[in-house]
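Working through the structure, step by step
Given next are the chains, with one letter for each unit.
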Amino acid sequence: MVSIPGRRQKKRRKEVIKRAAAIGAAPGVLVADPQAEASVFSVIGIGGGRGEYHQGVSLDDALARRAAWPLFWLDCSGLADIEAIRRIGAEFSLHPLALEDVVTTDQRPKCEIQADHAFFVMRMLDRAGDGEQLSVFFGDGFVLTFQERPGDSFAPVRERIAKGAPRLHAGRADYLAYALIDAVVDAYFPVVESQVARIEGLEDDILATVDEDQVPELHAVRREMLGLKRWLRPTRDALGTLLRLDRPWLHAETKAYFGDVQDHVDQLIDTNDTYRDTASGLIDLHMTLSAAKTNEVINLLTIISTIFIPLGFLAGVWGMNFNPELSRWNMPLTQSPYGYPLALGVMAAIAAGLLAYFRRRRWL
Amino acid sequence: MVSIPGRRQKKRRKEVIKRAAAIGAAPGVLVADPQAEASVFSVIGIGGGRGEYHQGVSLDDALARRAAWPLFWLDCSGLADIEAIRRIGAEFSLHPLALEDVVTTDQRPKCEIQADHAFFVMRMLDRAGDGEQLSVFFGDGFVLTFQERPGDSFAPVRERIAKGAPRLHAGRADYLAYALIDAVVDAYFPVVESQVARIEGLEDDILATVDEDQVPELHAVRREMLGLKRWLRPTRDALGTLLRLDRPWLHAETKAYFGDVQDHVDQLIDTNDTYRDTASGLIDLHMTLSAAKTNEVINLLTIISTIFIPLGFLAGVWGMNFNPELSRWNMPLTQSPYGYPLALGVMAAIAAGLLAYFRRRRWL
Amino acid sequence: MVSIPGRRQKKRRKEVIKRAAAIGAAPGVLVADPQAEASVFSVIGIGGGRGEYHQGVSLDDALARRAAWPLFWLDCSGLADIEAIRRIGAEFSLHPLALEDVVTTDQRPKCEIQADHAFFVMRMLDRAGDGEQLSVFFGDGFVLTFQERPGDSFAPVRERIAKGAPRLHAGRADYLAYALIDAVVDAYFPVVESQVARIEGLEDDILATVDEDQVPELHAVRREMLGLKRWLRPTRDALGTLLRLDRPWLHAETKAYFGDVQDHVDQLIDTNDTYRDTASGLIDLHMTLSAAKTNEVINLLTIISTIFIPLGFLAGVWGMNFNPELSRWNMPLTQSPYGYPLALGVMAAIAAGLLAYFRRRRWL
Amino acid sequence: MVSIPGRRQKKRRKEVIKRAAAIGAAPGVLVADPQAEASVFSVIGIGGGRGEYHQGVSLDDALARRAAWPLFWLDCSGLADIEAIRRIGAEFSLHPLALEDVVTTDQRPKCEIQADHAFFVMRMLDRAGDGEQLSVFFGDGFVLTFQERPGDSFAPVRERIAKGAPRLHAGRADYLAYALIDAVVDAYFPVVESQVARIEGLEDDILATVDEDQVPELHAVRREMLGLKRWLRPTRDALGTLLRLDRPWLHAETKAYFGDVQDHVDQLIDTNDTYRDTASGLIDLHMTLSAAKTNEVINLLTIISTIFIPLGFLAGVWGMNFNPELSRWNMPLTQSPYGYPLALGVMAAIAAGLLAYFRRRRWL
Amino acid sequence: MVSIPGRRQKKRRKEVIKRAAAIGAAPGVLVADPQAEASVFSVIGIGGGRGEYHQGVSLDDALARRAAWPLFWLDCSGLADIEAIRRIGAEFSLHPLALEDVVTTDQRPKCEIQADHAFFVMRMLDRAGDGEQLSVFFGDGFVLTFQERPGDSFAPVRERIAKGAPRLHAGRADYLAYALIDAVVDAYFPVVESQVARIEGLEDDILATVDEDQVPELHAVRREMLGLKRWLRPTRDALGTLLRLDRPWLHAETKAYFGDVQDHVDQLIDTNDTYRDTASGLIDLHMTLSAAKTNEVINLLTIISTIFIPLGFLAGVWGMNFNPELSRWNMPLTQSPYGYPLALGVMAAIAAGLLAYFRRRRWL
C-alpha cells in the first residue's frame, strides 16, 4: 500500500552507533571491526614542484618514501589491518585514543589538537548519500587520511596535484589537509541539493493531489536530513577549533581557507534547517489537505443521506400494507386520482427545501 | 482544486544552494556560473563637493578614474566577466576566496575583515521579493559592489549623491558602504509588509469562512518568511562583526549608522518571528475551525439518520407481505379502522422523543 | 458563525512595521509620518524644592525655561512638528539617527548611550492595550520625552512631583527618567492581567462546554500576547544596557531602581511565557474535547445504523413481492399462522445481540 | 461532562501577577496589600550553645533582644503591618525597594546583594502545592524572614535549633539562612512527587482505556508543572548569584551548602522538564488512541452499511409493485417456483463477496 | 486492547525523585534509605606490578590494607551500612554533603572538586536499562566507589587489572577512576542501541501496516529515551568540570582519556536527540497513515451509500401502494409491458453516472 523506502536509507540507518567492537577492550587498544575492509595504502609525495602518486603500495614502501618528500600524504583505505595502523601511529606519534577513534567508525566529527599535529574526524558522503568515516591527521610536512573503504571525494585534489596547482605544491601540509576537507564538504552539496529537490517535488505533488504515499516519502527525507544534521553541526564546531588554533604548522593564510569551509558548512546547516522546517510544514499541509478531501467526501455523504433517507422513509410509509377497506382514515393520497403525482410533488418539495438549506449553509 | 503558488515562489525556491559551478575547481579559482549575466560596470567618483556618475563604462575607463577621486565607487552588475572580476581583485588586493564568494551566488550573508578593507555579502530583494546577491568591499577611499544583474536598491543613494548630500560628499568610503547596505535593508521592509498583509488578510478570511484554499496560501507565506529568515539572521551577525571592528577606515561615527541598520534588521527579525508564529497559529485555527465545520455536518447526518432510519424500519415492518388471512396474530393496526393514523402517531412520537434527546445533549 | 475579534485587535495589527515614510530619505533626515498628530509641548521644571508645570506652551517658551531649573523635563506629544523636533535635537545635541527613531514609530525598544545622555525607546500601552512609542532622552539635568499622541502613563509621576516627593525633587534627571519608565512598565500589568483573566475564563469555558467560538478567541489572546512579547524582551535588554552603564549622570542608587524595573519586566515576560504556553495547551484541550464530542456523535450514528439497517433489510426481504402461489419454497413464516410475531421476535433477537456486542465493546 | 479541576488549582491561578496595590505609589513607598494578613512576630536567638524561641512577641520586644544574641532570627508572618516592616527596614538598613518587594508578593525569585546583607526572595509551597512568598535577609549576625501567613516549612530547622545542632549553634547567619532556604526547597519535593505520581497514574489509565476525562486532568497537571517551573528557574539563578558572591558574611563553607541546594533545584527542574514532556507525549498518545477507537467504530459502520445497504436495495427492487400481468419481461425470479430461495442465495453471495473483500483489505 | 509496557519500564519510573528519607534531617547527616541493600565491601590494591583483589572483606580489613598499596580501590556495594560509610568519609576526609549524596540515590550526575579529591556521581545502567547510582571519589592514591547493589559494569576493568594492564598498574588513581567511568559509559551503548533498534523496527512496522499497538510502544521508547537524556546531559557537564580542572592528582594525560569519555557521551546525546526526533516523526507518520486508512474506509462508505441510497429510494417509490385503479396519472412504467426492465435501466444509468462522477473526482 505504501512504498517502503529502499535499500539506501536502510543502509544509512545501520550507521548509528558502532562501538560494540571496542567496548570491553582497554582504551587505546585497537580492535578491528570484524566487518572492516582490507587496508590499501597509497602515498603522494610533493616537493620541488613535482608530485608522485603510488597506489596500492605496501606500508613499508610507503613509509620509506616519507623522508624523500617535503610534503607526504599517506592514505589508508580500509581499516582491517590493525597492525599497520598501529605502526603508522608509532611512526607519527599519534595518540592511542586517536587511533582507536580511527578504527571505531561512526565517530562524531571532531578536531583534536596535539603539540605537533591535528586530528580531524568527519563524515565523507558519496553521491548516493552513503557515508564513511574520514580521519585526517596533519602536522608539519605530513597528512594522513584513513577511510573505511576505497572510493572517496578526493579526485579533484589529486587532479590538482597532478596538474601542479601552485598552492598545493607550496608544500604546506595544512593547505593539503584543507583541500581534502574542503573536497569532502563539497560532496555534501549534491546530497543536500537532491534532498531539497525531493522536498520541492513533494511540495508540488501535494499541492496538485494529496496522496497517502507522500507521507512516508516526506518522513524518509526528513529522517535523512536529520541524519545529515548530526554530521554537520559537529563538523562546524571542529572547524571552529582549527580556526581558534595557534600553532606553527597551521598558517594564518590557511586558516582563511578553513574559514571558507566553515562558511560552506554554515550554508549547508542553514539549508538543512530551512528544509527540515519546510518538510514539517508539508506534513501539516498534507494533513490539512487530506482532511479537506475527507470533509468533501463526508459532505457529499451527508447531503445524499440527508435528502434520500427522509424521502425513502416517505416512500416506505406509502408502501405500508394497511388494509384500505378496513381503514376509516386512510393513507392520504393513495386512494385519490392524483395521489401519485402529488406524493412525488411532496417529495420533490422536501428535496428542494433541503438543497436550499444546504446552499444557505454553503455546503454545496 | 487548490491554487498552485505562482511563478514568483517557484523562482525563489530555485535560489537555494548554488555551488555546483565552483565545486571541483581549486578554491579561489573563479568559475563563472553558466547562467550569469554579462557584466556592466558603472563608476561614481566623489570629491571636492562634486559627484560624477558614469554608467556602462569599460573596466579600463573605470579603473583609470580611481586616482582622480578621493572616494571611488565601482559597481559591477552581472557576474559573467570572470576576467574583469579577477582584475578588480588584483587592483584592490581582494582575497581570492572573497572573489570566489562574489561569483558563487547564494552565499550566506557574512562580513569578512582584511587589513585594509571589509568584505560584506548580503541579499538584495526587489519589491516582488526576488533576490540577488550583493557583495560590497570597502576600504580607504573605495567601495566596490557586485550584483547578479542590473536593477538594484541604490536609487536613493545615487540621488542623494547627485543632490550633493553632505555626509556622502564627506568622502568617507565607510559611510557610502553604510548608505548602500542601509538602502538594501530598507528594501526588505515592503517585502515583509506584504507578507504581514497577506497573513492578516488570511486571518480575516479564515475567521470569516474556512476554505481549503487558505492552507496552501498560508504554507506559501510561511515558506517565504522562512526563506527570508535565512538571510536576516546572518545579516545581523555580519553587521555585528562590523560593529565590533576597530580599523582606521571604519570611523566611530559610521559605526553608529551601522548600529542603526542592525536595529532595522532586528526589527525585521522580530516581525518575521512573530508572524511566522502567527501563521502557525492560523494553521491550528484553520484546522480547528474546519474540524468544527465537519462536526456540524456529521451532527446533521447523525440526527437525520438517527431519526429516519428507525422510522424507515418501522415503515418497512408495516410493509411486510405476511398473509393476513393465515395469520393468527396479525400485524398490529393493519387491520384496524384507525390503524394508519395510529401508526403515524407512533412514528411521530419516536421522532419527537429522539429530537428531545438531541436537544438535551445539545446537539441541535 | 464565528466572532470576529473587534476593533482593538485590528488597530494593534496595524502597528507592525512603520518605516515607509523614512525609507528613501537620507538617514538622519527627519520625515514626518503623514498620519502623525500635531505636537503639543509641556514642560516641568524642578528645583529648590518646587515644581512647575506648564502645558501647551510654545517650544520657545519651553526652552527658555531650561536654564531656570536644575531639572528640566520637556514632553512633546504628537510627532508632526518635525522642525521643532529638529530644534530640540540641536539644543540638546541629540544624534540625528536618534531623532529619526523618535519620528519613525514602532521602533524596537532599545537603549543607546551617548557621551552626555542616554536615549531610551519603549512602548507605552494604555488600558485597552493600544500602544504608542515613547522616546526618553536623559542626561545631566534634563529629561526629554516624545510620544505619538496626548494621553500617557505619567499621571502618577506628575502627581508625585506636585506633592513634592523628595526623591523626585532631589533634582536628578536619571531618577526622573526611571520614574517615567517605571510608570510605563507598571501600565503593562493591567493589560497582562486582563489577558491572563481572558485565558483563565476560556479555560473554565472549555472545561464546561466546548464551543467553536472559543478557538478564535484563544487565537486572538495568543496573538496579543505574542505581540506583547515583542515589546517585552527588547525592553529587558534595553534596561540591561543601562544597568551595565558607567556614566556620571547615571547614579549607582538610580541603577538599583532601574534593576527593579527590570525585575518587573522579567515578571511580565515570565507570565507572558507561561500563559502563552497555557493557551497552546488550551488549543490542544479544545481539539481533544471536541474530537471526543464528535466521537460520541459518531458512536450513536453507528449504533443506530448498525442495529436498524440490518433489521430494515429483513423487513425489506419480507416485503418482497414473490408470487406465493407459484413458489415451491416460499418466504419463511409469511404463510404460517404465527409468522408475524415470530418475524418480529427474530428482529428483536438480532437487535438484542447487537446491543450486547456494543456493551461488551464499551461503546454504550 | 468533564471534571472541573478543584479548588486548589483555582487558588494557584490567582497567584499570578500582584502589583495592583503598589502601582501608582512612589517606588520604595510601602503599600499594604488590602488582603494581607496581620503580622505576627517571632524571634529566635542563638548563642553560647543555647537557643531561645519567642513566638508572638511585639516588635519592640523582638528588636530589644537583638543585642543579646550573636545570631538573631526575626520572623514576620503576615504582611499587613506596614509600619512595623518599615521599622525593621530602618533597624537593619534594608533598601526601600527590597521592602517594597517584601510586601508586593508574587515576586519572581531573586537574590539581591547589598554591602552588608543579602536579600533572597523565593516561593514557599505547602503540601497541597499552595504557595506564599518568603523573603529572607541575612547579614552579619542576623536573619530576617517575611512570609505571607503563619504556617511554614521551617519546623525541621526550629527542631534542630532546639536540639542544639552544632552547625546551627556556631552562630553563623549565612548557615541559618541556608538551612531555611534548604527547608523550603525540600518542601518542593513532595509536591513534584505528587505531580509525577498523577502523570504516571494517567499514563497507566490511558494505556488501559482511553477516556475523555483524562485530558482535562492531563491539562491540569501540565499547567501546575508549568506554574512550578516559573518558580524553579529563577530560584536556581538566585542561588547562582549567592554562589558567585564574595563577602565576609558569606563563608566559603556555607557556599558548599548553597551549592547543594542548587543541586536539589536542578534535580527538580530536570524532573519538571522530563515530566512536562511526558505529559505532552501522553496528550499525543491519548489523541492517537481515541482516534484508533473512532476508526474501529467507523469501520464497523462501514462494514454494516456496505453489506446491508446494497442488499436492502435488492430487497426493495423485488418489492416493487410492477403489474406482473401487464409485463412482458417480468421481474426475474418473482414468478418462478424457486425464485425466493434463489433471490436469498444471490443476496448471500453478495454479502459473502463483500466480507471476503473486507478481509482481504484487513478491515475485519 | 493495547499492550501495557512491562515490568522494566515500571521499575524505571520509580527511580525519579528520591529524597524522602533525607528530608527533615539536618544536611550532611546521613539517613539510610529504608530500602537500601546491605553493604558489601571489596578492595583492590595495585602496586609493584601486582594487583590484589579481596571481595566481601570487613571495612576494618579493607582500610587496614590501604597503606600497603600505592593505589587503593575500595568498593562499597549496598548503602545500608550508614556507620561504615561515615567511617570511610572520616578516613578520606570526604565532605558530609558528598556522603549525603552517596546515600540519597537518584542524584543528578555531577562532579564536585575538593582540594585533594574529586567526587563524581553518575548513573550506571545494566543491559536491561535499569539503573543504579554510582559515586566515585578519587584523589592521590585512592579510588572509592559506592553503588546501590552488587552487580556493576566494572568487569572489564577488573579483568585488565588481573591481566596486569600497564596503564592501570602505573598506579595513578585518576586513570583508574577514568577506566571505571569509561566502563560505565560504555554500558550505555547497548541500551541506546536497543532503543534505536526498537524505533527502527517500529518504523518498518508502521510503513508496512499501521496498527494501534504501535503508538503505546512508540510512547514507551520515547519515554525511556527521555529518561536517558536526563542522565546524559549532566554527565557531559560533569566530565567538562574534570576537563577544566587543574590539580596535581589529575594528570594531563588522563584528561585526554576523560575527553574521550566525553566524546562518547556526546555521541550518545546526539543519537538520543536524533532518535527522539525520529520517534516524534513516527508518531506523525502513524497519525497520517491511519487517517489515510480511515479516509479510505469513509470513501467506500460514501460511495456505497451515495449509489445505493438513491436507488433504494427509487425502489421504494415503485413499491408504494397507490391504488392503480383509482389513479389518473399512474406510477410511470408500473403498468407498461417493458416497465420493469426500463426501471432497472434507469437505476443502472443513475449508478453509472455516479460512478463516473466519483472517478472524475478521483475517489475511486
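Residues numbered from 1 in each chain as written. Chains lettered and ligands numbered in written order. Predicted model: local features only at pLDDT ≥ 70, side-chain atom pairs only at ≥ 80, totals over all residues. Heavy atoms only, no water.

An unreviewed UniProt entry lists chain A under the name Magnesium transport protein CorA, with Aurantimonas marianensis as the source organism. Turning to chain A, the UniProt record has this under Sequence similarities (unreviewed entry): "Belongs to the CorA metal ion transporter (MIT) (TC 1.A.35) family." Quoted straight from UniProt, the Catalytic activity (unreviewed entry) entry for chain A says "Mg(2+)(in) = Mg(2+)(out)". (UniProt positions renumbered as here; feature names shortened; annotations may be inferred.)

Sheets are built from strands paired through backbone hydrogen bonds, the pairs being either parallel or antiparallel. Residue and element names in this part refer to chain E. If you walk across this open sheet you meet the 7 strands as S2-S1-S3-S7-S6-S5-S4, and the pairing is mixed. Of all strands in the sheet, those bounded by a partner on one side alone are strand S2 (50-57) and strand S4 (110-113). Taking each pair of neighbouring strands and ignoring which way they run, the sheet shows an average axis angle of 15°. Note: strand S6 (residues 131-139) against strand S7 (residues 142-147), 5 bridges, orientation antiparallel. Pairing of Ser135 across the sheet is with Phe146, part of S7. (Pairing = 2+ DSSP bridges. Helix = DSSP H or I, 4+ residues; strand = E, 2+ residues; numbered from the N terminus. Axes fitted to C-alpha atoms, helices over the stretch in contact; angles between N-to-C directions.)

Now for the interface of chain B and chain A. Across the contact, 66 residues belong to chain B and 65 residues belong to chain A. A combined buried area of about 6000 Å² lies between chain B and chain A, and 63% of that area is made up of carbon and sulfur atoms. In this assembly, chain B and chain A are joined by 6 salt bridges. Between Glu200 of chain A and Arg223 of chain B there is a salt bridge, with the nearest N and O atoms lying 3.6 Å from each other. Contributing elements (two or more residues each) for the side of chain B that touches chain A: helix H1 (7-14), helix H4 (96-103), strand S4 (110-113), helix H9 (214-243), helix H10 (252-318) and helix H11 (339-360) of chain B. Ranked by residue count, the leading element in the side of chain B that touches chain A is H10 of chain B, at 17 residues. (Contact = heavy atoms within 4.5 Å. Buried area = accessible area lost by both parts, 1.4 Å probe. Salt bridge = Lys/Arg side-chain N within 4 Å of Asp/Glu carboxyl O.)

Attention now goes to the side chain of His95 of chain C. Relative to the helices and strands, His95 of chain C resides in the loop between helix H3 (82-92) and helix H4 (96-103). Among the polar contacts made by the side chain of His95 of chain C, one reaches the main-chain amide nitrogen of Leu97 of chain C at a distance of 3.0 Å. Beyond its immediate sequence surroundings of up to four residues, His95 of chain C is in contact with Ala256 and Tyr257 of chain B together with Gln114 of chain C. (Polar contact = N/O pair within 3.5 Å; in protein donor to acceptor, adjacent residues only side chain to side chain.)

Residues and elements named next belong to chain A. In the numbering adopted here, UniProt assigns the feature "transmembrane region" (unreviewed entry) to residues 297-318 and 338-358. Secondary structure content for residues 297-318 is 100% helix and 0% strand, and the end C-alpha separation is 31 Å. Counted over residues 338-358, helix gives 95% and strand 0%. Its end C-alpha atoms are 30 Å apart.

Met347 of chain A, Met347 of chain B, Met347 of chain C, Met347 of chain D together with Met347 of chain E are the most contacted members of the largest nonpolar core, which totals 112 residues. The contact partners of Met347 of chain E, leaving out residues within four places of it in the chain, are Phe313, Val317 and Met320 of chain D together with Leu311, Leu314, Ala315 and Trp318 of chain E. (Core = buried A, V, L, I, M, F, W, Y, C linked by side-chain atoms within 4.5 Å. Buried < 20%, exposed > 50% of the residue type's maximum accessible area, 1.4 Å probe, protein only.)

A separate point is the packing of helix H7 (residues 173-186) of chain B against helix H8 (residues 188-208) of chain B. The axes of two packed helices give the description: the angle between them and the distance between them. Residue and element names in this part refer to chain B. Interaxial distance between H7 and H8 falls to 4 Å at its minimum, and their mutual angle equals 15°. By the angle between their axes, H7 is roughly parallel relative to H8. Along the contact surface, H7 presents Val184, Val185 and Asp186, while H8 presents Tyr188, Phe189 and Pro190. (Parallel < 35°, antiparallel > 145°, perpendicular 65-115°, else oblique.)

The next point concerns the domain arrangement of chain A. Segmentation of chain A into domains returns domain 1 (36-288) and domain 2 (320-360). Computed from C-alpha atoms alone, the centre-to-centre distance between domain 1 of chain A and domain 2 of chain A is 82 Å. (Domains from an automatic or database assignment.)

Residues Trp329 of chain B together with Tyr338 and Leu342 of chain C make up a contiguous nonpolar surface patch of about 340 Å² in total accessible area. Counting through the fold element by element, Leu342 of chain C comes out in helix H11 (residues 339-360). Exposure remark for Leu342 of chain C: the relative accessible area of 47% places this residue in the partly exposed category. (Patch = residues over 30% accessible without salt bridge, like charges linked within 9 Å, V, L, I, M, F, W, Y side chains within 5 Å. Areas by Shrake-Rupley, 256 points an atom, 1.4 Å probe, with all protein chains shown as cover.)

Left apart from each other, chain A and chain C have a closest C-alpha approach of 9 Å. Over all C-alpha pairs, chain B and chain E never come within contact, reaching a minimum spacing of 9 Å.

It is the contact of H10 of chain B with helix H9 (residues 214-243) of chain C, at a shortest axis distance of 10 Å, that shows an interaxial angle of 165°. Judged by the inter-axis angle, H10 of chain B sits roughly antiparallel to H9 of chain C. In this structure, H10 of chain B meets H9 of chain C at a crossing whose hand is right-handed. Residues Gln267, Asp270, Thr271, Thr274, Tyr275, Asp277, Thr278, Gly281, Leu282, Leu285, Thr288 and Leu289 of chain B of H10 of chain B form the contact with H9 of chain C, whose participating residues are Val215, Pro216, His219, Arg222, Arg223, Leu226, Arg230 and Pro234 of chain C. (Left-handed = near helix turned anticlockwise from the far one by under 90°.)

Let us now look at the interface of chain B and chain C. Contacts between the two partners involve 66 residues from chain B and, on the opposite side, 66 residues from chain C. Here chain B and chain C share an interface that buries about 6000 Å² over both sides, 63% of which is from carbon and sulfur atoms. Contact with chain C buries area across many residues of chain B, yet Leu207, Phe313 and Phe322 of chain B alone supply 11% of it, more than any other trio. Counting every contact that joins chain B to chain C gives 6 salt bridges. A salt bridge links Asp266 of chain B to Arg108 of chain C; the shortest N-O distance between them is 3.7 Å. Counting across the chain B and chain C interface gives 8 residue pairs in polar contact (both at pLDDT 80 or more). Listing elements by their share of the side of chain B that touches chain C, those giving two or more residues are helix H5 (155-162), H7, H8, H10 and H11 of chain B. With 33 residues, the top contributor of residues to the side of chain B that touches chain C is H10 of chain B. Along the lines of polarity and charge, the residues of the side of chain B that touches chain C split into 30 nonpolar, 18 polar and 18 charged. (Nonpolar A, V, L, I, M, F, W, Y, C, P; charged D, E, K, R; others polar.)

Turning our eyes to something else, we now look at the side chain of Asp75 of chain A. Residues and elements named next belong to chain A. Counting through the fold element by element, Asp75 comes out in strand S3 (residues 71-77). The buried charged residue Asp75 lacks any salt bridge partner; its closest oppositely charged side chain belongs to Arg158, at an N-O distance of 4.8 Å. Within the structure, Asp75 has its side chain in polar contact with the side chain of Gln147 (distance 3.1 Å). Residues in contact with Asp75, not counting those within four places in the same chain, are Val40, Phe41, Ser42, Thr145, Gln147 and Phe154. (Lys, Arg positive; Asp, Glu negative; His and termini not counted.)

With that out of the way, let us pick up the pairing of S7 of chain E. Residues and elements named next belong to chain E. Most of S7 is tucked away, with 6 of its 6 residues classed as buried. Here strand S3 (residues 71-77) pairs with S7 via 6 bridges, running parallel. Bridged to Leu74 within S7 is Leu144. Here S6 folds back onto S7 in antiparallel fashion, the turn holding 2 residues, of which Gly141 has a positive phi close to 90°.

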